[in-house]
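Given next are the chains, with one letter for each unit.
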Amino acid sequence: MSTHTTDLWYKDAVIYELPLKSFYDSNDDGIGDFRGAIDKLDYLEELGVTAVWLLPFFPSPLKDDGYDIADYYTVNPIYGTLDDFREFVAGAKRRGIRVIIELVINHTSDQHPWFKRAKEAPEGSSFRNFYVWSRSADKYEGVRIIFKDFEDSNWTWDPEIEQYYWHRFYHHQPDLNFDNPEVRLEIFKIIDYWADFGVDGFRLDAIPYLFEREGTSCENVPETHAFLKELRAHIERKHGGEIMLLAEANMWPKDSAAYFGEGDECHMNFHFPLMPRLYMALKRHHRQDIVDILDETPEIPSVCQWATFLRNHDELTLEMVTEMDRWFMWEEYAENHQARINLGIRLRLARLMDGSRRKMELMNSLLFSMPGTPVLYYGDEIGMGDNCYLNDRDGVRTPMQWNANLNAGFSNANPQELYLPVVIDPEFNYRTINVEVQEKRHRSMLQWMRKMIGIYKDHPALRSGDMQLLFPANERILAYIRSCPSETVLVVANLSYKPEVVELDLSEYAGRSTREMIYETPFPQITDRPFLLTLGAYGFYWLQID
Ligand code: NOJ
Ligand code: CA
């Protein structure tokens, strides 16, 4: 157990995933940037988020949207300067918004000077061994390929030095060799550099793949956990206990929870397996998938927290479901084969929910009421659409839709100059789905999201309460109690496409009254008898038990 007393700010934050490129363009070159994001900090404050997670903003050939880093120590000029970054951080902090940045350490771009240097350095030298080389592609046989629509091996032949190099992602992203102590030292230096700017946290990209070991899947090996413990100790020693580490470990709950260590590795960790099961339950009109995965989710150290999410900048990953469930998801949510990519679906929440406000609200109500810190994906707060005809995962990375004007108000550039086109799909056209329209409408999705975030922030039971699942006979209903010493909240969600009736055994709360939390409507008093509720199709209640 870590000895440091940490400020646990991340345990009840609302995190907004913010790709600079897509948010707001301040200089009309068609690419979003830091100055643009600074201009939109008021919007984020009003939305109510308490942290932003910035996607990679470092110099990069951008063949994987910046997850291919060519220089760890500065800002890509298309996004601005280090001073702009500094100003963004200061502006965010003034508004009570913390800043999490991306730390991509598993690999670099093949344009990184370390890779060029490695190729020039003599075999066996430390410089050469910054990366993982082999004379044969048979090494680490059987390790799965992640970008399976794009790569057919984890080894790529380098004709110049006549060896293969190892990469878990694109071939232009060689994996760093963590067995080399010099590499590990470089990583510490990078962390120290950005920590000194006052960043509040790091998302650790692709963290299970740091070390390779023959005869294993090369994922989650003990050496990776040992390194994370060292990294955490280093950060606490140098920067105190407030910097949060958020692991991207797309793994089964038990393997994933291992990244918390004993409270001495990462503070947070995405709950990857829960996410697709929320979608599965909605199509099966049945709670079992969700119940099972919660059941499989181990207890975690008290200073740790899951990060929960509905969508992000990648495909909706189906890595953590069975083969049968994967096909179920593809058939149900990606009838259009163009929407399928790797082991997932490249669509946004709004399209997955058929543009249905009710379904989007139901999914968000689960996100905000289940244990874990919610992470929102930019644009989902207005029900933004997507474009799966764009390359790779670009279809969920299109410009933020601010208004009905040129380029959705994102940029004044020539529309042909935009980094990606705005969404003009008839169903999700930016002319109707945009911030300005929704600011004006009292009952818009945006206003609803603001309200939900506000309620989440006002209620400790939703943020950090214990969860107790209820098991009413009607299995189309998911129901649970969140409770903390100061309050008790009952959550009831109808996963069915039709109205449902449910009877809940709440006899332990007999005599207490209930109140709906969004509109503050008084609800019936609890008695010894079953507590009866009716719910509309995809309806839900958050009831405070007074
Ligand atoms: C995970 C990131 O979320 C994804 O966008 C990226 O392509 C890979 N890691 C490789 O860095
Ligand atoms: Ca710009």
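Procedures and definitions
- Residues numbered from 1 in each chain as written.
- Chains lettered and ligands numbered in written order.
- Predicted model: local features only at pLDDT ≥ 70, side-chain atom pairs only at ≥ 80, totals over all residues.
- Heavy atoms only, no water.
- Domains from an automatic or database assignment.
- Contact = heavy atoms within 4.5 Å.
- Buried area = accessible area lost by both parts, 1.4 Å probe.
- Salt bridge = Lys/Arg side-chain N within 4 Å of Asp/Glu carboxyl O.
- Polar contact = N/O pair within 3.5 Å; in protein donor to acceptor, adjacent residues only side chain to side chain.
- Helix = DSSP H or I, 4+ residues; strand = E, 2+ residues; numbered from the N terminus.
- Donors = N, O, S within 2.8 Å, 3.2 Å for Na, K, Ca; no water.
- Buried < 20%, exposed > 50% of the residue type's maximum accessible area, 1.4 Å probe, protein only.
- Pairing = 2+ DSSP bridges.
- Axes fitted to C-alpha atoms, helices over the stretch in contact; angles between N-to-C directions.
- Core = buried A, V, L, I, M, F, W, Y, C linked by side-chain atoms within 4.5 Å.
- Near = heavy atom within 4 Å.
- Nonpolar A, V, L, I, M, F, W, Y, C, P; charged D, E, K, R; others polar.
- Expected span 1.5 Å × (residues − 1).
- Phe/Tyr/Trp six-rings, centres within 6.5 Å; stacked < 30°, edge-to-face > 60°.
- Lys NZ or Arg CZ within 6 Å of the ring centre and 35° of its normal.

1. Topic: the domain arrangement of the protein chain
Piece 1. By the assigned domains, the protein chain splits into domain 1 (9–106 + 180–456), domain 2 (113–166) and domain 3 (464–545).
Piece 2. Placing a centre on the C-alpha atoms of domain 1 and another on those of domain 3 gives a separation of 30 Å.
Piece 3. At the interface, 23 residues of domain 1 touch 26 residues of domain 3.
Piece 4. For the domain 1 and domain 3 pair, buried surface summed over both sides reaches about 2,300 Å², with 68% attributable to carbon and sulfur atoms.
Piece 5. Counting across the domain 1 and domain 3 interface gives zero salt bridges.
Piece 6. The tally of links between domain 1 and domain 3 comes to 11 residue pairs in polar contact (both at pLDDT 80 or more).
Piece 7. At the level of elements, helix 9 (274–284), helix 10 (288–296), helix 13 (357–369) and helix 15 (445–458) are the ones that each hand at least two residues to the side of domain 1 that touches domain 3.
Piece 8. Top contributing element to the side of domain 1 that touches domain 3 by residue count: helix 13, with eight residues.

2. Thoughts on the coordination of the calcium ion (ligand 2)
Around a metal, the idealised angle for a tetrahedral arrangement of four donor atoms is 109.5 degrees; for an octahedral arrangement of six donor atoms it is 90 or 180 degrees.
Piece 1. Those protein atoms acting as donors to the calcium ion (ligand 2) are Asp25 (OD), Asn27 (OD1), Asp29 (OD), Ile31 (O) and Asp33 (OD), and they sit at 2.2 to 2.4 Å.
Piece 2. Between consecutive donor residues of the calcium ion (ligand 2), the sequence gaps follow D-x1-N-x1-D-x1-I-x1-D.
Piece 3. By relative accessible area, Asp29 is classed as partly exposed at 24%.

3. Digging into the sheet that holds strand 7 (residues 201–204)
Piece 1. Here we have eight strands rolled up into a closed barrel, ordered 1-2-3-7-8-9-10-14, and parallel in their pairing. Each strand of the sheet is rotated relative to its neighbour by a mean of 25°, with strand direction disregarded.
Piece 2. Looking at chain direction, strand 9 (residues 268–270) and strand 10 (residues 305–309) are connected through three bridges and run parallel. Within strand 10, the residue paired with Asn269 across the bridge is Trp306.

4. Quick word on the sheet that holds strand 4 (residues 133–134)
Piece 1. The strand order across the open sheet formed by three strands is 4-6-5, and the pairing between neighbours is antiparallel. Every other strand in the sheet has two partners, leaving strand 4 and strand 5 (155–158) as the edge strands with one partner each.
Piece 2. Direction of pairing for strand 5 relative to strand 6 (residues 163–166): antiparallel, over a ladder of four bridges. Bridging from a neighbouring strand, Trp157 pairs with Tyr164 of strand 6.

5. Details of the nonpolar core
Looking at soluble globular proteins, one finds that nonpolar side chains tend to be buried together.
Piece 1. Counting residues in hydrophobic clusters, the biggest one holds 176 residues, and the most contacted among them are Tyr16, Phe57, Phe85 and Tyr279.
Piece 2. Of all the elements, helix 15 adds the most residues to this core, at eight residues.
Piece 3. The contacts of Phe85, once residues within four sequence positions are left out, are Phe34, Leu54, Phe57, Val75, Ile101, Trp194, Phe197 and Val199.
Piece 4. With 17 residues, the next largest nonpolar core counts Ile477, Ala479, Tyr509 and Leu543 among its residues.

6. Quick notes on the site of ligand 1
Piece 1. Taken together, Asp64, Tyr67, His107, Phe147, Phe169, Arg203, Asp205, Glu248, His313, Asp314, Arg393 and Arg397 make up the full set of residues near ligand 1.
Piece 2. Within the side chain of His107, one N or O atom sits 2.9 Å away from an oxygen atom of ligand 1.
Piece 3. The contact in question runs from an oxygen atom of ligand 1 to an N or O atom on the side chain of Arg393, over 3.0 Å.
Piece 4. Considered class by class, the residues forming the shell around ligand 1 number three nonpolar, two polar and seven charged.

7. Concerning helix 13
Piece 1. The first and last C-alpha atoms of helix 13 sit 18 Å apart over 13 residues, in line with the 18 Å expected at 1.5 Å per residue.
Piece 2. Taken together, the buried positions of helix 13 are Lys359, Met360, Glu361, Leu362, Met363, Asn364, Ser365, Leu366, Leu367, Phe368 and Ser369.

8. Describing the packing of aromatic side chains
Piece 1. By the definition in use, this model includes 50 aromatic pairs.
Piece 2. Taken together, a centroid distance of 5.8 Å and an interplanar angle of 65° make the contact between Phe169 and Tyr209 edge-to-face. Linking Phe169 in the loop between strand 6 and helix 6 (181–195) with Tyr209 in the loop between strand 7 and helix 7 (222–239), this pair joins segments that are 40 residues apart in sequence. This pair shows no difference in class: Phe169 is buried, exactly as Tyr209 is.
Piece 3. Among the aromatic residues, those joined into a cluster by ring pairs are Phe34, Phe57, Phe58, Tyr73, Phe85, Phe88, Tyr193, Trp194 and Phe197.
Piece 4. The positively charged end of Lys40 is found above the aromatic ring belonging to Tyr24, 4.5 Å away from the centroid.
Piece 5. Positioned above the aromatic ring of Trp133 is the side chain of Arg128, whose terminal nitrogen or guanidinium carbon lies 5.9 Å from the ring centre.

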